[in-house]
Amino acid sequence: MEFLRPATWREALEAKAAHPDATPIAGGTDVMVEINFDHRRPDVLLDLTRIPELTTWSQDGDVLRIGAGLPYTRLIEELGDRVPGLAIASRTVGSPQIRNRGTLGGNLGSASPAGDGHPPLLASDAQIEVESVRGTRLIPVAEFFTGVKRNALAADELISAVHIAPATGPQQFSKVGTRNAMVIAVCTFAIALHPEQQRVGTGLGSAAPTPRRALEAEEFLSAELDWAGRRPLEDSVARRFGELVAQASSPIDDVRGTADYRRHALAVMARRTLSWAWHEHCSGRQECA
Ligand SMILES: Cc1cc2nc3c(=O)[nH]c(=O)nc-3n(C[C@H](O)[C@H](O)[C@H](O)COP(=O)(O)OP(=O)(O)OC[C@H]3O[C@@H](n4cnc5c(N)ncnc54)[C@H](O)[C@@H]3O)c2cc1C
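Because the structure is a prediction, the values reported are computed rather than measured.

Reading the values: rules and limits
- Residues numbered from 1 in each chain as written.
- Predicted model: local features only at pLDDT ≥ 70, side-chain atom pairs only at ≥ 80, totals over all residues.
- Heavy atoms only, no water.
- Helix = DSSP H or I, 4+ residues; strand = E, 2+ residues; numbered from the N terminus.
- Buried < 20%, exposed > 50% of the residue type's maximum accessible area, 1.4 Å probe, protein only.
- Polar contact = N/O pair within 3.5 Å; in protein donor to acceptor, adjacent residues only side chain to side chain.
- Contact = heavy atoms within 4.5 Å.
- Axes fitted to C-alpha atoms, helices over the stretch in contact; angles between N-to-C directions.
- Parallel < 35°, antiparallel > 145°, perpendicular 65-115°, else oblique.
- Left-handed = near helix turned anticlockwise from the far one by under 90°.
- Nonpolar A, V, L, I, M, F, W, Y, C, P; charged D, E, K, R; others polar.
- Salt bridge = Lys/Arg side-chain N within 4 Å of Asp/Glu carboxyl O.
- UniProt positions renumbered as here; feature names shortened; annotations may be inferred.
- Pairing = 2+ DSSP bridges.
- Core = buried A, V, L, I, M, F, W, Y, C linked by side-chain atoms within 4.5 Å.

### Re the side chain of Ser-249
And step 1. Structurally, Ser-249 can be placed in the loop between α10 (235–248) and α11 (259–282).
And step 2. Taking the relative accessible area as the measure of exposure, Ser-249 reaches 9% and is therefore buried.
And step 3. Among the polar contacts made by the side chain of Ser-249, one reaches the main-chain carbonyl oxygen of Ala-246 at a distance of 2.6 Å.
And step 4. Not counting chain neighbours up to four residues away, the residues in contact with Ser-249 comprise Leu-204, Ala-207, Arg-212, Arg-263 and Leu-266.

Next up, the structure:
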C-alpha cells in the first residue's frame with residue numbers, strides 16, 4: 001500500500017489527480033475500520049491530516065466556512081453557538097475519542113445514510129465545497145448524496161469545506177439508537193427554524209437510501225406557524241407535521257429496527273423537536289407554549 005502525505009492543499013489535489021483511486025484519510029474512524037475488517041484494501045492512501053487549512057473555519061457575512069478536517073470536538077466547542085443543530089448532532093457521534101478524530105468531511109466522504117452530520121446540514125441548506133486541480137465547485141447538500149454510501153465527488157475531487165449560514169432561529173436534532181451512546185442511528189431528525197424567511201428546514205437520517213429533506217412537511221409547517229404573533233403550537237399542526245415527515249421517509253427493515261418502527265419514531269421526533277424549537281422561538285413570550 002502506498003501512503004501519500006501531502007503537506008499542502010495544492011499537493012493533495014495534485015496527488016488526487018495523479019491517483020484518482022487513492023482513498024483520502026482524515027480522522028480514519030471510518031477508513032481504518034474498513035481496512036481492519038478487510039472490507040477495503042486501497043492501493044493508495046492519501047493522508048490529509050498535515051494540511052492546516054482543512055482544520056480551520058471562518059465567517060464571511062452570513063456564510064460560515066467549516067474546513068472538512070475540523071474534528072467534531074472543535075466544532076462543538078468553537079461553533080456550538082453559531083450552528084447549534086450541527087453541534088447537537090456532533091455530540092451524539094461515537095465517543096470522545098471518535099469526536100476528537102472524526103471530521104465532518106469524513107462523514108460526508110462516507111455518505112452513510114446514518115451519518116449524524118447530514119440531517120442538520122440539510123435543515124440549513126448547507127453547500128459542500130469540493131475542489132480538484134480543475135477548480136472549485138459548491139454542491140447543495142441535498143444533491144451531494146447520490147446513493148447508499150455514494151456521493152457526488154468526481155474521482156479527482158476532495159472535499160475542502162462546508163458552507164452553512166449561522167443559525168438565525170432555533171435548531172434541534174434528535175437521534176434514536178439501540179442504546180444511549182456510541183451507537184449507529186436507528187433514525188435521526190433535524191429541524192431548523194428560519195424566522196426571517198418564515199421557513200422551516202428539515203433533515204432525515206437512516207430513513208432512506210440517502211439522507212433527505214421532508215419537503216412537504218417543510219411547506220406545510222412554514223405556512224401554519226404564526227411567525228410574528230408567536231401563537232402556541234396547535235397539537236393538530238404538530239401531529240400533521242409528524243405524519244408528513246414520516247411519509248417523506250422510505251426506510252427498510254434491518255438489524256437496528258423495522259421500517260414501521262422508524263416511521264413511528266420519525267413522527268415522534270419531528271413533533272418533539274418542533275415543540276422544543278417553537279418554545280425556544282417564543283421564549284420570553286408568556287402566551288407561547
Ligand atoms: C466506534 C465508532 C463510533 C462511531 N459513531 C458514529 C456516530 O455516532 N455517528 C456517525 O455519524 N458516525 C459515527 N462513526 C463513523 C465516523 O466516526 C464518522 O463518519 C466520521 O465523521 C468520519 O470522519 P473521519 O475524519 O474519521 O473520516 P475517515 O475515516 O478519514 O474518512 C471517511 C471517508 O471519507 C473520505 N474522506 C475523508 N476526508 C475527505 C476529504 N476531505 N475529501 C474527500 N473524501 C474524504 C475517506 O476517503 C473515507 O471514504 C463512528 C465510527 C466508529 C469507529
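Once the structure has been displayed, the description carries forward.
### Thoughts on the packing of helix α9 (residues 215–224) against α10
And step 1. α10 packs onto α9 with a crossing angle of 165° between their chain directions and a minimal axis gap of 8 Å. The angle between α9 and α10 places the two elements in the roughly antiparallel class. Where α9 crosses over α10, the handedness of that crossing is left-handed. Residues Glu-216, Ala-217, Phe-220, Leu-221 and Glu-224 of α9 form the contact with α10, whose own contacting residues are Val-237, Arg-240, Phe-241, Leu-244 and Val-245.
And step 2. Across the contact of α9 with α10, the residue classes tally to seven nonpolar, no polar and three charged.

### Let's talk about the pattern of salt bridges
And step 1. Scanning the model with the defined rule gives 17 salt bridges in all.
And step 2. Arg-5 is paired through a salt bridge with Asp-47; the nearest N and O atoms lie 2.8 Å apart. Of the two residues, Arg-5 is situated in the loop between β1 (2–4) and α1 (9–18) and Asp-47 in strand β3 (residues 44–47); the sequence distance between them amounts to 42 residues.
And step 3. On the basis of relative accessible area, Asp-47 is assigned to the buried category, the value being 6%.
And step 4. Close ionic contact of Asp-125 with Arg-213 constitutes a salt bridge, the shortest N to O distance being 3.4 Å. With a gap of 88 residues between them, Asp-125 in the loop between α7 (118–123) and β6 (127–132) and Arg-213 in the loop between β13 (199–205) and α9 connect regions that are remote in the sequence.

### Some details on unusual backbone geometry
And step 1. Positive phi, normally seen in glycine, also occurs at Gln-198, with a value near 50°.
And step 2. Examined against the element boundaries, Gln-198 turns out to sit in the loop between β12 (187–194) and β13.
And step 3. Judged by its relative accessible area of 45%, Gln-198 falls in the partly exposed class.
And step 4. For Arg-230, which is not glycine, the phi torsion reads 55° and is therefore positive.
And step 5. If you trace the backbone, Arg-230 turns up in the loop between α9 and α10.
And step 6. Among the residues examined, Arg-230 registers a relative accessible area of 24% and is labelled partly exposed.

### Looking at the UniProt feature "domain: FAD-binding PCMH-type" (unreviewed entry) in the protein
And step 1. In the numbering used here, UniProt assigns the "domain: FAD-binding PCMH-type" (unreviewed entry) feature to residues 1–169.
And step 2. Taken end to end, residues 1–169 is 33% helix and 25% strand, and its two terminal C-alpha atoms sit 48 Å from one another.

### Things to note about the pairing of β6
Strand residues, when the strand is regular, have side chains that alternate between the two faces of the sheet.
And step 1. Burial analysis of β6 places five of its six residues in the buried class, which makes it a mostly covered element.
And step 2. Here β6 runs beside strand β7 (residues 135–140); their pairing, made up of six bridges, is antiparallel. Following the sheet pairing, Ile-128 is matched in β7 by Ile-139.
And step 3. Taking the residues that link successive antiparallel strands as the turn, the β6-β7 hairpin has two residues.
And step 4. As paired strands, β6 and strand β10 (residues 158–164) are joined by five bridges and run antiparallel to one another. Paired with Glu-129 across the two strands is Ala-161, which belongs to β10.

### Some thoughts on the nonpolar core
One recurring pattern in soluble globular proteins is that nonpolar side chains are buried together.
And step 1. The biggest cluster of nonpolar side chains holds 35 residues, and the ones touching the most others in it are Ile-66, Leu-108, Leu-121, Ile-128 and Phe-144.
And step 2. Beyond its immediate stretch of four places on either side in the chain, Phe-144 contacts Leu-108, Ile-128, Val-130, Ile-139, Arg-150, Asn-151, Ala-152, Leu-153 and Ile-159.
And step 3. Counting residues in each nonpolar core, the second largest holds 28 residues, with Val-176, Ile-191, Leu-193 and Val-237 among its members.

### Description of the sheet that holds β1
Hydrogen bonds between backbone atoms are what pair the strands of a sheet, whose relative direction is either parallel or antiparallel.
And step 1. The strand order across the open sheet formed by three strands is β1-β3-β2, and the pairing between neighbours is parallel. Of all strands in the sheet, those with a lone pairing partner are β1 and β2 (23–25), marking the two edges. Here the average twist between neighbouring strands, direction ignored, is 25°.
And step 2. Across three bridges, the pairing between β2 and β3 is parallel. Looking at β3, one finds that Thr-23 is bridged to Leu-45.

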